[in-house]
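Residue-level structure breakdown
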Amino acid sequence: MAVLRINGGKRLYGETVVQGAKNSALPCLAAAALGRECIVHNCPDLTDTKAGLKILNALGVETSFENNTVITRAPKCLSCSKINDELMKEMRSSVMFLGAILSKCGEAEISYPGGCSIGARPIDLHLKAFSQMGVNIREEGERIFCKVEKLKDAKIKLAFPSVGATENIMLLGVVSDCEFEIENPAREPEILDLRNFLNSMGGNISEGKNGNLLIKGVKALGNTEYKIIPDRIVALTYLSGIALCGGYGEIKAVRPDHIKLPLKFLEEAGNDIKCGEDYIEIKAPRRMREFGIINTMPYPDFPTDAQAIFMAASLLSKGESCFVENIFENRFGHIPEFLKMGANIRICDNSALVSGVKRLKGTELYAKDLRGGAALVVVALSAKGESIIHNTEFIDRGYENIERSFSDFGGEIVREG
Ligand code: UD1
């Protein structure tokens, strides 16, 4: 199995370009099954993207993927309304295809999705919303059978602004003769990206009062050519690396307006940040101050996906930072690895209190999930001596080539095996 070998302890200097957002690309690929011909630029070249393409192929959608552009040609009727267990287990986003399949076929059969083990990750909110929209749902063991009786207008109040549930409701409702309103929808930039993508194909999804989402069903969707937004979490990974190691960096092809709050935390901790429309420059101090309290919450609050990465950035800071994880109950898998390197962290329930230390030492490390794995790379780059990171397949789910990006900043990082 491949490992990342990192010789840390050097300041970082350089620039890099941010890849397209995985969490946008995958729902947009599901949406492509609803259109005719879609040309989707800036799709990250990741194992999860390839898993998404495999699902499209299994449904009868023709696809090609070259130079970060996916081209899809969907048939009028999908050739299949089931996703097999193997494909469902490959990634969490496989569940995004449920809304699209139901819309096209009137029925669908899937199993519970896989993905990183960062918590229970139920899909009850998706299924409850579907049932309000007129879908009959039957669960048998691991399999879920859905059948559209007749879609009916609905005002769906989400108990939690779930990213996946909001996306699935859009995917089921966009082609219909009904109107749907989502109260308390997720507002992540990736949600807006999916909405823009669907509207570019002829959909009619808009924002109503109190930020509610209004879906006015249309007869059919057509062709589109679209560019996926930059990956805000990947951008934050590079910024955290420079903040922790010290140095200077320019991050290009990024949307600073998508990460306002994390940038504010970095600034308040002593980093000099300059933003243009699509770039961020960071000049890190010799030693950062603490972050204070970081509470993960739905957008526009602090993203859970950046919790591990920012915790990494705080390990050598002057004071104490507290991280409260409110979204997923099992998202501290990186902490035991940080401790092996000499970090000082105490966990109490869903909070982790970090007291900055003067130095960290390299060692053998094991990634347990995607963002936690990227956080290990960030810490290993700052730690004196050599680190070897195992389970790189987790990291590869979300980063096109993390070793090349950090090498662009002068980091000593190579992939072996
Ligand atoms: C998406 C992202 C993931 C990110 C997360 C939060 C994708 C593929 N994944 O995941 O990277 O970490 O948003 O920004 O885009 N919940 C329920 N029932 C449901 C759905 C969710 O209880 O039916 C709970 C979850 O357990 C969790 C919270 O709601 O506690 C957030 O989940 P959600 O926003 O749905 O995240 P995902 O769509 O799974």
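Structure shown above.
In short, a report on the structure. (Residues numbered from 1 in each chain as written. Predicted model: local features only at pLDDT ≥ 70, side-chain atom pairs only at ≥ 80, totals over all residues. Heavy atoms only, no water.)

So, on to the packing of aromatic side chains. Applying the stated criterion across every chain, the model contains 9 aromatic pairs. For the ring pair Tyr-238 and Phe-409, a centre distance of 6.1 Å and an interplane angle of 55 degrees mean the geometry is tilted. Of the two residues, Tyr-238 is situated in helix 8 (residues 232-245) and Phe-409 in the loop between helix 14 (402-408) and strand 23 (412-416); the sequence distance between them amounts to 171 residues. When its relative accessible area of 2% is taken as the criterion, Tyr-238 is described as buried. Taken together, a centroid distance of 6.5 Å and an interplanar angle of 85 degrees make the contact between Phe-291 and Phe-323 edge-to-face. (Phe/Tyr/Trp six-rings, centres within 6.5 Å; stacked < 30°, edge-to-face > 60°. Helix = DSSP H or I, 4+ residues; strand = E, 2+ residues; numbered from the N terminus. Buried < 20%, exposed > 50% of the residue type's maximum accessible area, 1.4 Å probe, protein only.)

In this section: unusual backbone geometry. Between Tyr-299 and Pro-300 the backbone carries a cis peptide bond, its omega angle lying at 10 degrees. Within the fold, Pro-300 resides in the loop between strand 17 (292-295) and helix 10 (307-314). In the Ramachandran plot, Asn-210 falls in the positive-phi region, its phi being about 55 degrees despite a non-glycine side chain. For Asn-210, a relative accessible area of 69% translates into the label exposed. Here the phi dihedral of Asn-391 falls at roughly 60 degrees; this positive angle occurs in a residue that is not glycine. Position of Asn-391 among the secondary structure elements: in the loop between strand 22 (385-390) and helix 13 (392-396).

Let us now look at the sheet that holds strand 2 (residues 12-17). What the 4 strands build is an open sheet, ordered 2-14-16-15; its pairing is mixed. Unpaired on one side and paired on the other, strand 2 and strand 15 (272-275) mark the two borders of the sheet. The average angle at which neighbouring strand axes cross in this sheet is 10 degrees, direction not considered. Alignment of strand 15 against strand 16 (residues 279-284), held across 4 bridges, turns out to be antiparallel. Its bridge partner lying in strand 16, Lys-274 is registered against Glu-281. Against the sheet, helix 8 engages strand 2, strand 14 (247-252) and strand 16, with an angle of about 170 degrees to strand 14. (Pairing = 2+ DSSP bridges. Axes fitted to C-alpha atoms, helices over the stretch in contact; angles between N-to-C directions. Contact = heavy atoms within 4.5 Å.)

It is worth spelling out the side chain of Ser-317 at this point. Here Ser-317 lies in the loop between helix 10 and strand 18 (320-324). Not counting residues within four places of it along the chain, the set of residues in contact with Ser-317 comprises Arg-287, Met-288, Arg-289, Glu-290, Gly-356 and Val-357.

This part is about the environment of Arg-11. For Arg-11, the location among the structural elements is in the loop between strand 1 (3-8) and strand 2. For Arg-11, a relative accessible area of 30% gives the class partly exposed. Spatially, the C-alpha atoms of Arg-11 and Ile-347 are 29 Å apart, while their sequence positions differ by 336 residues. If near-sequence neighbours (up to four positions away) are discounted, Arg-11 is found in contact with Cys-245, Gly-246, Gly-247 and Arg-286. A polar atom in the side chain of Arg-11 sits 3.2 Å from the side chain of Tyr-13. (Polar contact = N/O pair within 3.5 Å; in protein donor to acceptor, adjacent residues only side chain to side chain.)

Of the positions making up helix 9 (residues 260-268), those classed as buried are Pro-262, Leu-263, Phe-265 and Leu-266. Seen along its axis, helix 9 keeps its buried residues to an arc of 155 degrees; they face one direction. Those residues of helix 9 hidden inside the fold are in contact with helix 8, strand 15, strand 16, strand 17 and helix 10. Among the residues trailing helix 9, Gly-270 stands out with phi positive, at a value near 110 degrees. (Arc of directions from axis to C-beta.)

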